[in-house]
Amino acid sequence: MRVALLGCGVVGSEVARLLTRDASELARRVGAPLELAGIAVRRPGRERDLDLPAELFTTDAHALVAREDIDLVIEVIGGIEPARELIVTALENGASVVTANKALLAEDGGELFAAAAKAERDLAFEAAVAGAIPIVRPLVESLAGDTVHRVLGIVNGTTNFILDAMTTHGSGFEEVLEEAQRLGYAEADPTADIEGFDAASKAAILASLAFHSRVTIGDVHREGIVEVTAADVRSAAEMGCVVKLLAICERIDGPDGAAVSARVHPAMIPLDHPLASVRGAFNAVFVESESAGQLMFYGPGAGGAPTASAVLGDVVSVARNRLKGVWGPGESTHAQLEVLEIGRATTRYHVQIDVDDRAGVLAAVAAAFAEYDVSIKTVRQEGHGSDAQLVIVTHEAADADLAAVVAGLRDLDMVRDVSSVMRVEGML
Ligand SMILES: NC(=O)C1=CN([C@@H]2O[C@H](COP(=O)(O)OP(=O)(O)OC[C@H]3O[C@@H](n4cnc5c(N)ncnc54)[C@H](O)[C@@H]3O)[C@@H](O)[C@H]2O)C=CC1
Ligand SMILES: N[C@@H](CC=O)C(=O)O
Ligand code: NA
């Protein structure tokens, strides 16, 4: 079984190391040796901690995937192009493909899965969601007979690492981001992490798999963590909560049938919620389904070795299929559920309002919530005089209604500013 590796960065170098180190054990598991036949890199002269012959390395990834002797291509370059073109070419040439590329799958998955189906080859991507955690295969295979209602997860290691450090050590954003980059958690362009694009790609993939519908990154409402302040983190702590970047995919059954909602945003969750204890670069995904009930998948979500574990799991599985002349399940999108816009998603909100400290303020603020039928769960005042703040937590409300309340509050004379609006998840 001849294997081509595209990309030899954080993940690729670990994949190459394990393919070489564990060659004889992997051969026994597959039933045939896996021979690393070529590695496409951008800088062949770069110092690499790999004991591999120089002639394996090439800068011509296109020529490598066009070779007729390649059975399996591992794509760990990342990004849209040339990864998309290389994967399609590999499939057209009869190779099976393993990829960790969530950005590409979330943007152009349909084309890739169509190419795999046409070629009758596997396109496997366990590493694309939540690193080492087995979550793709459970959704595609183990839960194929169940109806999934909700997937709620911490699916970005870099942002969880940053928020955790802000919460526990009061660390600054930039300093922790640099540490996450040094540890190999962050994407090549870390704005993909901190602005929520990486988590949104994963949410699109999770929603597609869970609800048998094609959900792309453009369908996912996305807010990153750049606007989360130390004050938000303190406010959450005062409420017995912690701030996490969550990916939330829901099946919403209504009188007109089912629809899907997918969103990524920072949210407060209570400290006694299992997701609150997910620390550092760890990830966790909760799945709620009709028959199985609640399932939780937890583990390392980023980094070279954990991601290589998921890649190699796919390599073994795909190679076994090749030997038998079969291929696994392809894309399942028959349900074709509509994806709802964010305005129709419902949750609770934590709203912090800087107000004048005088009679009638509370009544005016409460009236602004009542106007859009948003019910208040708790209210408390912080500070006095020019530092007075009202901190309000709502019952469940539609996002569009809450947005209208916030606009109404901003129009009130006695409201100086709506200084923070954050969703609250997982609270009873
Ligand atoms: N680092 C992580 O924790 C995880 C990464 N992933 C995904 O794995 C993939 C790879 O990520 P990393 O290894 O972290 O990125 P990286 O930036 O460390 O490695 C990518 C490598 O590909 C090389 N490359 C770029 N264009 C190329 C081309 N045309 N031909 C040959 N080589 C080329 C780059 O020079 C670089 O060495 C991405 O899709 C990423 O989203 C998935 C899960 C976790
Ligand atoms: N940059 C990603 C890597 C894994 O997908 C993250 O931080 O989770
Ligand atoms: Na995974």
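Residues numbered from 1 in each chain as written. Chains lettered and ligands numbered in written order. Predicted model: local features only at pLDDT ≥ 70, side-chain atom pairs only at ≥ 80, totals over all residues. Heavy atoms only, no water.

Examining the overall build of the chain
Under the convention used in this document: Counting from the N terminus, the helices are the DSSP runs of H or I reaching at least four residues and the strands are the DSSP runs of E reaching at least two. C-alpha atoms define the radius of gyration in this analysis, and the globule rule sets the expected value at 2.2 Å times the number of residues to the power 0.38. Here a residue-residue contact requires only that any non-hydrogen atoms of the pair lie within 4.5 Å. In this description, accessible areas are obtained by the Shrake-Rupley approach with a 1.4 Å probe, and a residue is regarded as covered only by the protein chains that are shown.
A count of helical and extended segments in the chain gives 14 helices and 18 strands. The globule rule puts the C-alpha radius of gyration for 428 residues at 22 Å, and the 24 Å found for the chain is close to it. Along the longest, intermediate and shortest principal axes, the C-alpha atoms of the chain span 80 × 50 × 35 Å. Partitioning the intrachain contacts of the chain with sequence separation of at least 6 by distance along the chain shows that 72% fall at a separation of at least 24. Surface accessibility of the chain: about 18500 Å² in total, with carbon and sulfur atoms responsible for 49%.

Considerations on the coordination of the sodium ion (ligand 3)
Worth spelling out the cut-off: Coordination partners: N, O, S within 2.8 Å of the metal, 3.2 Å for Na, K and Ca; water not considered, so apparent gaps in a site are possible. Burial classes: relative accessible area under 20% of the type maximum marks a residue as buried, over 50% as exposed, and values in between as partly exposed (1.4 Å probe, protein chains only).
Taken together, the protein donors to the sodium ion (ligand 3) comprise E126 (O), E126 (OE), V129 (O), G131 (O) and I133 (O), at separations of 2.4 to 2.6 Å. Sequence spacing of the donor residues for the sodium ion (ligand 3), all on one chain, is E-x2-V-x1-G-x1-I. Here V129 matches G131 in class, with each residue buried.

Brief notes about the site of ligand 2
Worth spelling out the cut-off: We call a residue near a molecule or strand as soon as one heavy atom of that residue lies within 4 Å of the molecule or strand. In protein, a polar contact requires one atom able to donate a hydrogen and another able to accept it; more generally it is a pair of N or O atoms within 3.5 Å, and residues adjacent in sequence count only if both atoms are side-chain atoms. Polar here means any residue outside two lists: the nonpolar Ala, Val, Leu, Ile, Met, Phe, Trp, Tyr, Cys and Pro, and the charged Asp, Glu, Lys and Arg; Gly therefore counts as polar.
Ligand 2 sits among K102, N156, G157, T158, Y185, A186, E187, D193, D198, K202, G301 and A302. In this structure, an oxygen atom belonging to ligand 2 sits 2.7 Å away from a side-chain N or O atom of K202. Burial of ligand 2 by the surrounding chains reaches 94%, relative to a free accessible area of 250 Å². Every element with two or more residues in the shell around ligand 2 is listed here: α7 (157-169) and α10 (197-211). Looking at the shell around ligand 2, its residues break down into three nonpolar, four polar and five charged.

Looking at the packing of helix α4 (residues 83-92) against helix α5 (residues 102-119)
For the record, the criterion: In this analysis an axis means a line fitted to C-alpha atoms, helices contributing only their contacting stretch, and an angle means the value between N-to-C directions, from 0 to 180 degrees. Relative orientations are named as follows: roughly parallel for angles under 35 degrees, roughly antiparallel for angles over 145 degrees, roughly perpendicular for angles from 65 to 115 degrees, and oblique for any other angle. For any helix crossing, the convention is left-handed if the near helix is rotated counterclockwise from the far helix by under a right angle, and right-handed if that rotation is clockwise.
In contact at an axis separation of 9 Å, α4 and α5 are set at 15 degrees when each is read in the N-to-C sense. Between α4 and α5, the interaxial angle falls into the category roughly parallel. Here α4 and α5 pass one another in a crossing that is right-handed. In this structure, α4 contributes A83, R84, I87, V88 and L91 to the contact, and α5 contributes L104, D108, E111, L112, A115, A116 and A119. For the contact of α4 with α5, a count of residues per class yields nine nonpolar, no polar and three charged.

Side note on the site of ligand 1
Heads up, the rule is: Here the bounds of each domain stem from an automatic or database domain assignment.
Taken together, 22 residues are adjacent to ligand 1, and V10, V11, K102, E187 and G303 come closest. Contact between ligand 1 and V10: an oxygen atom at 2.9 Å from a main-chain N or O atom of the residue. G184 places a polar main-chain atom, nitrogen or oxygen, 3.2 Å from a nitrogen atom of ligand 1. Its free accessible area being 830 Å², ligand 1 has 87% of it covered by the protein chains. Within the shell around ligand 1, the residues separate by chemical class into 11 nonpolar, seven polar and four charged. Here the shell around ligand 1 gathers at least three residues from each of two domains, domain 1 (2-131 + 304-324) and domain 2 (136-300).

Quick word on helix α11 (residues 230-238)
Going by this rule: The directions considered for the arc are those from the helix axis to the C-beta atoms.
Burial in α11 covers these residues: D232, V233, S235 and A236. What you see down the axis of α11 is that its buried residues fit within an arc of 160 degrees, all on one side. Residues R234 and A237 are exposed on α11 and point more than 90 degrees away from its buried face. Buried residues along α11 sit in contact with α7, β9 (241-254), β10 (257-270), β14 (346-355) and β18 (415-424). Positive phi shows up at G240, right after α11, with a value of about 75 degrees.

What to know about helix α12 (residues 304-324)
Filter applied, for reference: Multiplying 1.5 Å by the helix residue count minus one yields the expected span of that helix.
Given a rise of 1.5 Å per residue, 21 residues ought to cover 30 Å, and the 30 Å separating the end C-alpha atoms of α12 matches this to within 8%. Burial in α12 covers these residues: G304, T307, A308, A310, V311, L312, D314, V315, V316, V318, A319 and N321. Each element contacted by the buried residues of α12 is listed here: α1 (10-21), α2 (23-30), β4 (72-75), β5 (96-99), β6 (123-124) and α6 (136-142). G325 occupies a position one or two residues after α12 and carries a positive phi of about 75 degrees.

Re the packing of α7 against helix α8 (residues 173-182)
The contact between α7 and α8 brings their axes to 9 Å, and the two run at 140 degrees. By the angle between their axes, α7 is oblique relative to α8. Every pair of crossing elements has a handedness; the one defined by α7 and α8 is right-handed. Contact residues: T158, F161, I162, A165 and M166 in α7; F173, V176, L177, E179 and A180 in α8. Residue composition of the contact of α7 with α8, by class: eight nonpolar, one polar and one charged.

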